[in-house]
Amino acid sequence: MRRVRTWIGHWPAYRQLKGDDPLGRGAAAKSGRSGRLGPRVASAERVVKSICPYCAVGCGQNVYVEDDRVTQIEGDPDSPVSRGRLCPKGSASLQLTTGSAREHEVLYRRPYGTQWERLDLDTAMDMITDRVIASRRAGWQWEADGARTRRTLGIASLGGATLDNEENYLIKKLFTALGAIQIENQARI
Ligand code: SF4
(Lines give C-alpha, C1' and ligand atoms only; values in the text may rest on other atoms or scores of the structure.)
Protein backbone atom coordinates (compact mmCIF):
# COMPACT_ATOMS: atom_id res chain seq x y z
CA MET A 1 0.00 0.00 0.00
CA ARG A 2 2.85 2.31 0.91
CA ARG A 3 4.48 1.68 -2.45
CA VAL A 4 1.24 2.51 -4.24
CA ARG A 5 0.96 5.75 -2.29
CA THR A 6 4.54 6.62 -3.17
CA TRP A 7 3.89 5.81 -6.83
CA ILE A 8 0.77 7.96 -6.88
CA GLY A 9 2.66 10.72 -5.12
CA HIS A 10 5.12 10.80 -8.03
CA TRP A 11 2.36 10.96 -10.58
CA PRO A 12 2.36 14.48 -12.14
CA ALA A 13 -1.46 14.71 -12.35
CA TYR A 14 -1.72 13.90 -8.63
CA ARG A 15 0.90 16.49 -7.73
CA GLN A 16 -0.89 18.99 -9.92
CA LEU A 17 -4.18 18.41 -8.11
CA LYS A 18 -2.78 18.18 -4.58
CA GLY A 19 0.20 20.55 -4.67
CA ASP A 20 0.59 24.28 -5.15
CA ASP A 21 1.09 24.04 -8.91
CA PRO A 22 -2.49 23.56 -10.21
CA LEU A 23 -1.60 24.51 -13.80
CA GLY A 24 1.21 21.93 -13.95
CA ARG A 25 3.81 24.39 -15.19
CA GLY A 26 6.42 23.97 -12.48
CA ALA A 27 7.05 21.56 -9.63
CA ALA A 28 4.13 19.28 -10.57
CA ALA A 29 5.53 18.61 -14.00
CA LYS A 30 9.14 18.20 -12.90
CA SER A 31 10.48 14.65 -12.75
CA GLY A 32 12.95 13.48 -10.12
CA ARG A 33 15.63 13.28 -12.77
CA SER A 34 14.98 16.86 -13.88
CA GLY A 35 15.18 17.96 -10.26
CA ARG A 36 18.65 16.44 -9.94
CA LEU A 37 20.01 18.08 -13.09
CA GLY A 38 22.34 21.07 -12.77
CA PRO A 39 23.85 23.49 -15.26
CA ARG A 40 26.83 22.01 -17.11
CA VAL A 41 28.91 25.05 -16.22
CA ALA A 42 28.26 24.72 -12.48
CA SER A 43 31.73 23.32 -11.77
CA ALA A 44 33.61 26.03 -13.73
CA GLU A 45 36.24 27.87 -11.71
CA ARG A 46 36.13 31.06 -13.73
CA VAL A 47 34.43 32.72 -16.66
CA VAL A 48 36.38 34.67 -19.27
CA LYS A 49 34.63 37.19 -21.51
CA SER A 50 35.40 36.76 -25.19
CA ILE A 51 34.12 37.41 -28.71
CA CYS A 52 33.12 34.71 -31.19
CA PRO A 53 35.91 34.49 -33.80
CA TYR A 54 33.82 33.27 -36.71
CA CYS A 55 32.20 36.32 -38.29
CA ALA A 56 31.81 40.09 -38.27
CA VAL A 57 28.76 40.12 -36.00
CA GLY A 58 31.10 39.69 -33.04
CA CYS A 59 28.73 37.96 -30.61
CA GLY A 60 29.81 37.98 -26.98
CA GLN A 61 30.86 34.70 -25.39
CA ASN A 62 31.37 33.45 -21.86
CA VAL A 63 34.25 30.99 -21.78
CA TYR A 64 34.06 28.60 -18.80
CA VAL A 65 37.38 27.34 -17.45
CA GLU A 66 38.16 24.47 -15.10
CA ASP A 67 41.68 23.24 -14.25
CA ASP A 68 43.00 25.73 -16.82
CA ARG A 69 41.02 24.00 -19.54
CA VAL A 70 38.11 25.44 -21.49
CA THR A 71 35.09 23.31 -20.62
CA GLN A 72 32.22 25.23 -22.23
CA ILE A 73 31.52 28.33 -24.33
CA GLU A 74 28.12 30.01 -24.18
CA GLY A 75 26.50 33.28 -25.25
CA ASP A 76 27.19 36.29 -23.06
CA PRO A 77 23.95 37.90 -21.82
CA ASP A 78 25.90 41.12 -21.09
CA SER A 79 26.84 41.61 -24.75
CA PRO A 80 24.88 44.51 -26.30
CA VAL A 81 25.52 42.91 -29.70
CA SER A 82 24.07 39.46 -29.16
CA ARG A 83 22.43 39.58 -25.68
CA GLY A 84 23.31 35.98 -24.85
CA ARG A 85 22.65 34.46 -28.25
CA LEU A 86 24.99 32.46 -30.47
CA CYS A 87 24.27 30.93 -33.86
CA PRO A 88 25.10 27.21 -34.40
CA LYS A 89 28.67 28.05 -35.43
CA GLY A 90 29.30 30.17 -32.37
CA SER A 91 27.63 27.58 -30.15
CA ALA A 92 30.05 24.95 -31.45
CA SER A 93 33.18 27.02 -30.91
CA LEU A 94 34.22 24.86 -27.94
CA GLN A 95 35.36 22.39 -30.60
CA LEU A 96 37.51 25.09 -32.16
CA THR A 97 39.32 25.34 -28.85
CA THR A 98 39.57 21.73 -27.76
CA GLY A 99 38.90 19.67 -30.91
CA SER A 100 41.47 17.11 -32.03
CA ALA A 101 41.58 18.78 -35.48
CA ARG A 102 43.09 21.94 -34.01
CA GLU A 103 46.68 22.47 -35.15
CA HIS A 104 49.25 23.82 -32.72
CA GLU A 105 52.20 24.00 -35.11
CA VAL A 106 52.86 25.61 -38.46
CA LEU A 107 52.20 23.24 -41.36
CA TYR A 108 53.91 23.81 -44.69
CA ARG A 109 53.49 22.05 -48.01
CA ARG A 110 56.23 22.80 -50.49
CA PRO A 111 55.48 23.53 -54.15
CA TYR A 112 54.67 20.17 -55.76
CA GLY A 113 54.85 18.57 -52.34
CA THR A 114 52.37 15.91 -51.33
CA GLN A 115 52.98 15.97 -47.57
CA TRP A 116 52.66 18.59 -44.87
CA GLU A 117 55.86 19.47 -43.01
CA ARG A 118 55.95 20.88 -39.50
CA LEU A 119 57.91 24.11 -39.13
CA ASP A 120 58.85 26.09 -36.08
CA LEU A 121 57.35 29.58 -35.99
CA ASP A 122 60.67 31.45 -36.46
CA THR A 123 61.43 29.49 -39.62
CA ALA A 124 57.94 30.13 -41.00
CA MET A 125 58.16 33.86 -40.24
CA ASP A 126 61.54 34.08 -41.99
CA MET A 127 60.09 32.33 -45.03
CA ILE A 128 57.16 34.74 -45.16
CA THR A 129 59.50 37.73 -44.82
CA ASP A 130 61.69 36.50 -47.69
CA ARG A 131 58.64 36.04 -49.91
CA VAL A 132 57.19 39.46 -49.10
CA ILE A 133 60.50 41.16 -49.92
CA ALA A 134 60.90 39.19 -53.18
CA SER A 135 57.27 39.77 -54.29
CA ARG A 136 57.44 43.47 -53.49
CA ARG A 137 60.63 43.81 -55.49
CA ALA A 138 59.37 41.75 -58.45
CA GLY A 139 56.14 43.73 -58.68
CA TRP A 140 57.62 47.17 -58.08
CA GLN A 141 56.49 49.96 -60.39
CA TRP A 142 58.11 53.38 -60.38
CA GLU A 143 55.89 54.82 -63.08
CA ALA A 144 52.74 53.98 -65.02
CA ASP A 145 51.32 55.83 -68.03
CA GLY A 146 53.89 58.56 -67.54
CA ALA A 147 52.87 59.21 -63.91
CA ARG A 148 55.02 58.55 -60.87
CA THR A 149 53.50 55.66 -58.92
CA ARG A 150 56.18 54.14 -56.65
CA ARG A 151 54.03 51.14 -55.82
CA THR A 152 54.11 47.38 -55.94
CA LEU A 153 51.57 45.21 -57.70
CA GLY A 154 53.22 42.10 -56.34
CA ILE A 155 51.40 42.04 -52.99
CA ALA A 156 47.73 42.20 -52.10
CA SER A 157 45.96 41.88 -48.75
CA LEU A 158 42.52 40.44 -48.10
CA GLY A 159 41.53 40.66 -44.44
CA GLY A 160 39.09 38.34 -42.70
CA ALA A 161 35.77 39.33 -41.19
CA THR A 162 36.94 38.75 -37.65
CA LEU A 163 39.74 41.30 -37.72
CA ASP A 164 38.97 44.20 -35.42
CA ASN A 165 39.49 47.92 -36.04
CA GLU A 166 42.94 48.00 -34.50
CA GLU A 167 44.17 44.99 -36.49
CA ASN A 168 42.79 46.45 -39.73
CA TYR A 169 44.46 49.77 -38.97
CA LEU A 170 47.84 48.06 -38.54
CA ILE A 171 47.38 45.89 -41.65
CA LYS A 172 46.48 48.94 -43.76
CA LYS A 173 49.45 50.84 -42.38
CA LEU A 174 51.89 47.97 -43.00
CA PHE A 175 50.78 47.21 -46.56
CA THR A 176 50.58 50.87 -47.56
CA ALA A 177 54.10 51.37 -46.21
CA LEU A 178 55.22 48.43 -48.34
CA GLY A 179 53.73 50.16 -51.40
CA ALA A 180 50.79 47.81 -51.89
CA ILE A 181 47.60 49.30 -53.30
CA GLN A 182 45.38 46.21 -53.35
CA ILE A 183 44.16 46.17 -49.74
CA GLU A 184 40.69 44.89 -49.01
CA ASN A 185 38.72 43.37 -46.16
CA GLN A 186 35.92 40.86 -46.17
CA ALA A 187 34.09 42.68 -43.39
CA ARG A 188 30.67 41.37 -44.32
CA ILE A 189 28.53 38.34 -43.72
S1 SF4 B 1 26.59 35.24 -35.77
FE2 SF4 B 1 27.41 33.21 -35.22
S3 SF4 B 1 29.43 33.10 -36.20
FE4 SF4 B 1 28.82 35.26 -36.19
S5 SF4 B 1 29.78 36.10 -34.32
FE6 SF4 B 1 27.66 35.46 -33.80
S7 SF4 B 1 27.84 33.38 -33.02
FE8 SF4 B 1 29.75 33.85 -34.11
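As a starting point, this report considers the structure included with it. No experiment lies behind these values; they were computed from the predicted model shown.

Thresholds, definitions, all that
Sequence order as written defines the numbering, with residues in each chain counted from 1. Reporting of local features is limited, given that this is a predicted model, to residues whose pLDDT is at least 70; pairs of side-chain atoms are given and counted only at 80 or more, and all residues count toward the totals for whole chains, interfaces and linings. Just so you know, side-chain values use all the structure's heavy atoms and leave hydrogens and water out. One heavy atom within 4 Å of a molecule or strand makes the whole residue count as near it. Any residue that is not Ala, Val, Leu, Ile, Met, Phe, Trp, Tyr, Cys, Pro, Asp, Glu, Lys or Arg is counted as polar, Gly included; the first ten are nonpolar and the last four charged. Burial status follows relative accessibility: with a 1.4 Å probe on protein chains alone, a residue under 20% of its type maximum counts as buried, one over 50% as exposed, and anything between as partly exposed. Secondary structure elements are defined from DSSP: runs of H or I of at least 4 residues count as helices, runs of E of at least 2 residues count as strands, and each element is numbered from the N terminus. Any two strands between which DSSP finds at least two bridges are classified as paired. Expected span of a helix, by definition, is 1.5 Å for each gap between consecutive residues, and there is one gap fewer than residues. Whenever two N or O atoms come within 3.5 Å, that pair is a polar contact, provided that in protein one can donate a hydrogen and the other can accept it, and provided that, for residues adjacent in sequence, both atoms are side-chain atoms. Interaxial angle, 0 to 180 degrees, is taken between N-to-C directions of lines fitted to C-alpha atoms, where a helix line uses only the stretch in contact.

Lining the immediate surroundings of the ligand are Cys52, Tyr54, Cys55, Val57, Gly58, Cys59, Leu86, Cys87, Lys89 and Gly90. The residue inventory of the shell around the ligand, partitioned by class, reads 7 nonpolar, 2 polar and 1 charged.

Time to look at the pairing of strand β2 (residues 60–66). For β2, the buried fraction is high: 6 of the 7 residues fall into the buried class. Sheet topology note: the β2/strand β3 (residues 69–75) ladder contains 6 bridges and is antiparallel. By the bridge assignment for β3, Gln61 is matched with Gly75.

Let's shift gears to helix α6 (residues 121–138). Counted at 1.5 Å a residue, the expected span for α6 with its 18 residues is 26 Å, and the 26 Å between its end C-alpha atoms agrees. Capping the start of α6 is the job of one residue whose side-chain oxygen sits 3.2 Å from the backbone nitrogen of Asp122: Asp120.

A sheet is described by the order of its strands in space; here 3 strands give the open sequence β1-β2-β3, paired in antiparallel fashion. Of all strands in the sheet, those with a lone pairing partner are β1 (46–51) and β3, marking the two edges. Averaged over all neighbouring strand pairs, the angle between strand axes comes to 30°, with direction disregarded. Across 6 bridges, β1 lies against β2 in antiparallel orientation. In the strand pairing of β2, Val48 is matched with Val63.

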